[in-house]
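# Fold and geometry: a report
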Amino acid sequence: MDFTFTEEQQAAVEAAKAVFADVAPDGVPSPALTPRAVAEEFDRELWAKLADSDLLSLVLDQEHGGSGLDAIALCLVLREAARVLARVPLLEHCATAMAVQAHGSPELTGTLLPGAGDGSVVLTVAAHGRSGHEPAELAVTARQDGDTWVLEGLQTSVAWAHGADWTAVPAHTGEGEAVLAFVPPGAAGLSLAEQYSTSGERLAELTLDGVRVPAAHLIDAPGAWDHLRQLLATGTCALALGLGENVLTMTSQYTSKREQFGFPVASFQAVAVQAADRYIDLRAMEVTLWQAAWRLDASTGGAGGPLPSAGDVAVAKIWASEGVRRVVQTAQHLHGGFGADTDYPLHRYHAWAKQLELQLGPAAAHEEALGDLLAAHPLA
């Protein structure tokens, strides 16, 4: 079997590296020193560069002006973005665009996808429900009223919502199936309250009080929201991997130069063993990530496995959550007091790692989900 990435996927990585080459992780105030958000919105200049490099249309079909690539290509680009803590809604935007392309009505695809591909329309998604620990679709009800749907409820910790043009809001109809409603920021009955992430980014709490959505702006295809949620979790794993890899590189460079007793501390067995353990964590994070991303792409083509793709996504998120936490904790330990210096970027990576660890559920939540899947699909 050939596990190498395709030429198109590798080209996407090279394009991403070129775009992110000049991005400084400390380009905004430190979250440790900022009581509110580190910035009012995301990095619009970087967003324009991503659009110019055709990376925002990476996963769109050619008929929508895109390259027609897959979840693996998106995760490769996200991996590069996390190395420099790129402050852009790349994951939420591209994952939501993929859902619209796969399941949206002609009116919805015509409204969103041309602008999504060139960056003039920014998409995000409300994926955390009321608390972040419950299915997001249960936090909002959707009731059909003629040719419109009426939304009632609340979604918390919505990333990039203050700068997005459309937010995909999962909701339940009371009949067991989740729907996705697309809501613009100026919709009547919609209000956004300020929230802040562990990484210092500006989030929003969305309150929907009788928000009306045209039927054409709602996706009710079975499994559409579930697939989008899995893609978001897998993309979060890619971000955790890229962040962790860069942190381990920073740690290697520091311990190779820092000397004690006349020798680099990297030459001490206790330091080398800890770094080796974290390298193993990263490789486990990587292999489970690509398995999950491949299953998501393969599931749309009918390829099956002993468990639904949600099982592979759960395994990847367990490793990502636990692995990225261990990587940054070891990095802080091996850097000594220097790791907490707000003039050095490691503390920023630590804050982002904690956000990614908990985003879309910590390891324990995905262990529980995996257990439920194993119970429902006993392996022969």
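Use the structure listed above.
Quantities reported herein were computed from a predicted structural model and do not represent experimental measurements.

Its 13 residues place the ends of helix α5 (residues 106-118) 19 Å apart at the C-alpha level, agreeing with the 18 Å of an ideal helix rising 1.5 Å per residue. In the structure, α5 departs most strongly from a straight axis at Leu112, where the bend amounts to approximately 30° and where the proline Pro114 lies between one and four residues downstream. The complete set of buried residues in α5 reads Leu108, Thr109, Leu112, Leu113, Gly115, Ala116 and Gly117. The elements touched by buried residues of α5 are α4 (90-103), β1 (123-125), β4 (166-172), β5 (178-183) and β8 (218-219). Just downstream of α5, Gly119 is the residue with a positive phi angle, here 85°.

So, on to the nonpolar core. Phe20, Leu50, Leu90, Phe182 and Leu243 are the most contacted members of the largest nonpolar core, which totals 96 residues. Residue contacts for Phe20: discarding those within four places in its chain leaves Leu46, Leu50, Val77, Glu80, Ala81, Val84 and Ala86. If you look at the next biggest cluster of nonpolar residues, it comprises 21 residues, including Ala142, Ala204, Leu206 and Val211.

If charged atoms from side chains of opposite charge come close, those side chains can pair. Taken as a whole and assessed by the stated rule, the structure comprises 20 salt bridges. Here Glu80 ties to Arg83 by a salt bridge, and the two come within 3.3 Å at their closest N and O atoms. With a gap of three residues between them, Glu80 and Arg83 both fall in helix α3 (residues 71-83), about one helical turn apart. What makes Arg83 partly exposed here is its relative accessible area of 22%. Between Arg326 and Asp281 there is a salt bridge, with the nearest N and O atoms lying 2.9 Å from each other. With Arg326 in helix α8 (residues 309-335) and Asp281 in helix α7 (residues 269-299), this residue pair connects regions lying 45 residues apart in the sequence. By relative accessible area, which is 24% here, Arg326 ends up partly exposed. On the basis of relative accessible area, Asp281 is assigned to the buried category, the value being 5%.

Below, the discussion takes up the packing of helix α1 (residues 7-20) against α3. Look at α1 against α3: their axes get within 9 Å of each other, and the N-to-C directions meet at 25°. With respect to each other, α1 and α3 are oriented roughly parallel. In the crossing of α1 with α3, the sense of the turn from one axis to the other is right-handed. Every residue of α3 that contacts α1 at Gln9, Ala12, Val13, Ala16, Lys17 and Phe20 is listed here: Ile72, Ala73, Leu76, Val77, Glu80 and Ala81. Residue composition of the contact of α1 with α3, by class: nine nonpolar, one polar and two charged.

With that out of the way, let us pick up the packing of α3 against helix α6 (residues 224-257). The N-to-C vectors of α3 and α6 enclose an angle of 40°; their axes lie 7 Å apart at closest approach. Here α6 runs oblique to α3, going by the angle between their axes. Crossing angle aside, the handedness with which α3 passes α6 is right-handed. Together, Ala71, Cys75, Leu78, Arg79, Ala82 and Arg83 of α3 and Leu231, Thr234, Gly235, Ala238, Leu239, Leu241, Gly242, Leu243, Glu245 and Asn246 of α6 make up the contact between the two elements. Taken together, the residues that form the contact of α3 with α6 break down as nine nonpolar, four polar and three charged.

It is worth spelling out the packing of aromatic side chains at this point. A complete count under the given rule lists five aromatic pairs for this structure. One aromatic cluster is present, formed by Phe42, Trp47 and Trp160 through successive ring pairs.

Attention now goes to unusual backbone geometry. Unusually for a residue other than glycine, Leu85 sits at a positive phi of about 55°. By the element assignment, Leu85 lies in the loop between α3 and α4. Residue classification places Leu85 among the buried positions, given a relative accessible area of 4%. One non-glycine residue with positive phi stands out, namely Ser157, at about 55°. Looking at where Ser157 falls in the secondary structure, it is placed in strand β3 (residues 148-159).

Here is what the cut-offs are and how they apply
Residues numbered from 1 in each chain as written. Predicted model: local features only at pLDDT ≥ 70, side-chain atom pairs only at ≥ 80, totals over all residues. Heavy atoms only, no water. Helix = DSSP H or I, 4+ residues; strand = E, 2+ residues; numbered from the N terminus. Expected span 1.5 Å × (residues − 1). Bend = angle between axes of the 7 residues up to and from the residue. Buried < 20%, exposed > 50% of the residue type's maximum accessible area, 1.4 Å probe, protein only. Contact = heavy atoms within 4.5 Å. Core = buried A, V, L, I, M, F, W, Y, C linked by side-chain atoms within 4.5 Å. Salt bridge = Lys/Arg side-chain N within 4 Å of Asp/Glu carboxyl O. Axes fitted to C-alpha atoms, helices over the stretch in contact; angles between N-to-C directions. Parallel < 35°, antiparallel > 145°, perpendicular 65-115°, else oblique. Left-handed = near helix turned anticlockwise from the far one by under 90°. Nonpolar A, V, L, I, M, F, W, Y, C, P; charged D, E, K, R; others polar. Phe/Tyr/Trp six-rings, centres within 6.5 Å; stacked < 30°, edge-to-face > 60°.

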